[in-house]
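# Coordinate inspection notes
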Amino acid sequence: MSNVVVIGGGVVGLCVALMCAEKGHRVVVVERGVADRDEGCSFANAGMVVPSHVVPLASPGMVALGLKWMWNPESAFHLKPRASLDLVDWGWKFWRACTREHVRRAAPLLRDLHLASRAIYEQWTARWDEPFAFVESGMLVLCNTERGLEEESHAAAFARDLGMPAEVLTPKQVAAIEPDIRLSIAGAVHFPRDARLVPAQLMRALHGETKRSGVEIHHGADVRAFRTRGARIEALETSDGIVPGDEFVLAAGAWSSKLARRLGVPLPMQSGKGYSLTVEKPPGTMRTCAILSEARAAVTPMGAALRFGGTMEITGLDEAIEPVRIRGIVKAMHDYFPDVTPNLFATAAIRAGLRPCSPDGLPYIGRFARYANLCAATGHAMMGVSLAPVTGMLFAQVVSGEATSIAIDAWSPDRYASRRAMARGADDAQAFASDARATTGV
Ligand SMILES: Cc1cc2nc3c(=O)[nH]c(=O)nc-3n(C[C@H](O)[C@H](O)[C@H](O)COP(=O)(O)OP(=O)(O)OC[C@H]3O[C@@H](n4cnc5c(N)ncnc54)[C@H](O)[C@@H]3O)c2cc1C
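Bear in mind the structure is a predicted one, so any value in this text is a computation, not a measurement. (Residues numbered from 1 in each chain as written. Predicted model: local features only at pLDDT ≥ 70, side-chain atom pairs only at ≥ 80, totals over all residues. Heavy atoms only, no water.)

### Describing the environment of R100
Examined against the element boundaries, R100 turns out to sit in helix α5 (residues 100–127). When the C-alpha atoms of R100 and G61 are compared, they prove to be 10.0 Å apart, with 39 residues separating the residues in sequence. (Helix = DSSP H or I, 4+ residues; strand = E, 2+ residues; numbered from the N terminus.)

### Examining the environment of A159
Structurally, A159 can be placed in helix α6 (residues 146–161). A159 gets classed as buried once you look at its relative accessible area, which sits at 2%. If near-sequence neighbours (up to four positions away) are discounted, A159 is found in contact with M164 and F191. (Buried < 20%, exposed > 50% of the residue type's maximum accessible area, 1.4 Å probe, protein only. Contact = heavy atoms within 4.5 Å.)

### Considerations on the sheet that holds strand β13 (residues 247–250)
Spatially, six strands are ordered β9-β2-β1-β13-β20-β19 in an open sheet, and the strand pairing comes out mixed. The open sheet is flanked by β9 (216–219) and β19 (364–367), the only strands paired with a single partner. Pairs of neighbouring strands in the sheet enclose a mean axial angle of 20°, with direction left out of account. Two strands pair when backbone bridges link them, and strand β1 (residues 3–7) and strand β2 (residues 26–31) are joined in this way by five bridges, in the parallel orientation. (Pairing = 2+ DSSP bridges. Axes fitted to C-alpha atoms, helices over the stretch in contact; angles between N-to-C directions.)

### Examining the state of the cysteines
The full count for this structure, using the stated rule, is zero disulfides. A disulfide-free cysteine, C143 has its sulfur positioned 15 Å from the sulfur of C289, the nearest such atom. Exposure remark for C143: the relative accessible area of 0% places this residue in the buried category. Among the cysteines around C375, which has no disulfide bond, C20 carries the closest sulfur, lying 8.5 Å off. (Disulfide = S-S within 2.5 Å.)

### Focus on the packing of helix α1 (residues 11–22) against α5
Running from N to C, α1 and α5 point in directions that differ by 70°, and their axes come no closer than 14 Å. As the angle between them shows, α1 and α5 are arranged roughly perpendicular. From α1, C15, L18, M19 and E22 reach across to α5, where they touch I120, W124 and R127. Here the residues of the contact of α1 with α5 sort into five nonpolar, no polar and two charged. (Parallel < 35°, antiparallel > 145°, perpendicular 65-115°, else oblique. Nonpolar A, V, L, I, M, F, W, Y, C, P; charged D, E, K, R; others polar.)

### Quick look at the side chain of S271
Within the secondary structure, S271 is located in strand β14 (residues 270–279). Only 2.6 Å separates the side chain of S271 from the backbone oxygen of G316, close enough to count as a polar contact. When sequence neighbours within four positions are dropped, the list of residues in contact with S271 reads A254, E313, I314, T315, G316, L317, L354 and R355. (Polar contact = N/O pair within 3.5 Å; in protein donor to acceptor, adjacent residues only side chain to side chain.)

### What about the site of the ligand?
Looking at the ligand, there are 33 residues lining it, with E31, S42, M48, A381 and S386 nearest. V223 is positioned such that a nitrogen or oxygen atom in its backbone is 2.9 Å from a nitrogen atom of the ligand. Between the ligand and M383 there is a distance of 3.5 Å, counted from an oxygen atom to a backbone nitrogen or oxygen. Surface burial for the ligand is 95%, taken as the share of its 1,000 Å² of free accessible area covered by protein chains. Broken down by element, the shell around the ligand gets its largest block of residues, three residues, from helix α11 (residues 384–399). Tallied by class, the residues present in the shell around the ligand amount to 17 nonpolar, eleven polar and five charged. (Near = heavy atom within 4 Å. Areas by Shrake-Rupley, 256 points an atom, 1.4 Å probe, with all protein chains shown as cover.)

Spelled out as structure tokens, the structure:
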């Protein structure tokens, strides 16, 4: 059995830790945040488990939409222009991935991952003592224009071709599913196999289960450097001491690229900042979760509260809350829910989270070629909650030397690693190591 060190205690890191511990490995999670936090992506999200999401973020039309929206500060997308070669490189790779062929290849793979993950959530909810409000409620894609409904109808047909049930509904049919809130829509698509949960409860339950399985979680430990010998990592240098291990898993969300660079391995990623606003006393409640198609926003019932979420801001690793973005979300909600007025949000809890976004919209799951004992578990973008359990399961199989039950070649963290990039990465790592030696005197 191995000593597995997981960097990052978000939803992905905890699922990896739990599944590895259940296979008998000794597991340590190194997380720089404090133990009882309720912030960051894994807490701020909309809690949707979405087998319906078979189309990756990088898909035809996304570049044009992004260019159209980026000039409107209240729109769902914003790219903060900055002099960054990484950003240019990511943008170029994203643009190249926005093809029909990419979607055609990725969709069945994503479907299989989502369905396997959902099945694990079903098992967990039946088995665990601590509930996380997993409800197999289905998901509605609400459209408030005929054009939006037509586009979503094509998406529904695409999903059906992949074996995912999806039904186009009239406003009256939607009202029968959602009788407790007034809607202003042209129609919707219903995906009955989607589900929802409450993120903070899931995180609490995962903490409980990992501890019960013997996982050690080092909170307040910031990973600063790696101790390597040849093609192996020997230990992490953290703000809280040295953490040795046999296997290292990079699950640090949007910060993973920065850490990978210290090891000289390219892992192209940008963070996509999103916000959620939780309204404790909404004017009505929902029974399913919903995506608002034209606004690219989301709504999920969480107990008596409703959580509204949205925006994708490519602004680097900046977690600040931008009021103009919040205004955009609030306005968009009123277009679909006439009784949800701006004053309702005056006391809403606002959270921001940085989604880890790879250029092709697909996660990085698997080993790096450059280090024999380094893996990546990140890049899940808008699907991290949905895909965390299956990511954990696949990792536990990789680390245990077993054949994975789902092929993981397509998710390789080396898929952008050309020889030149690897050589440049090695130079970066050497430069970083000598800088670190100069600073620390070690
Ligand atoms: C508004 C919003 C709505 C969303 N809705 C959904 C949804 O409905 N369904 C869905 O599936 N997904 C959704 N997502 C996406 C989902 O939240 C993310 O994909 C997921 O949380 C990513 O988890 P993670 O563990 O990879 O990253 P994170 O949650 O960011 O965790 C990474 C962890 O690594 C730690 N870390 C970073 N650097 C270091 C270091 N140097 N040393 C130690 N620790 C470090 C961080 O502190 C952090 O805790 C949403 C996201 C947002 C913002």
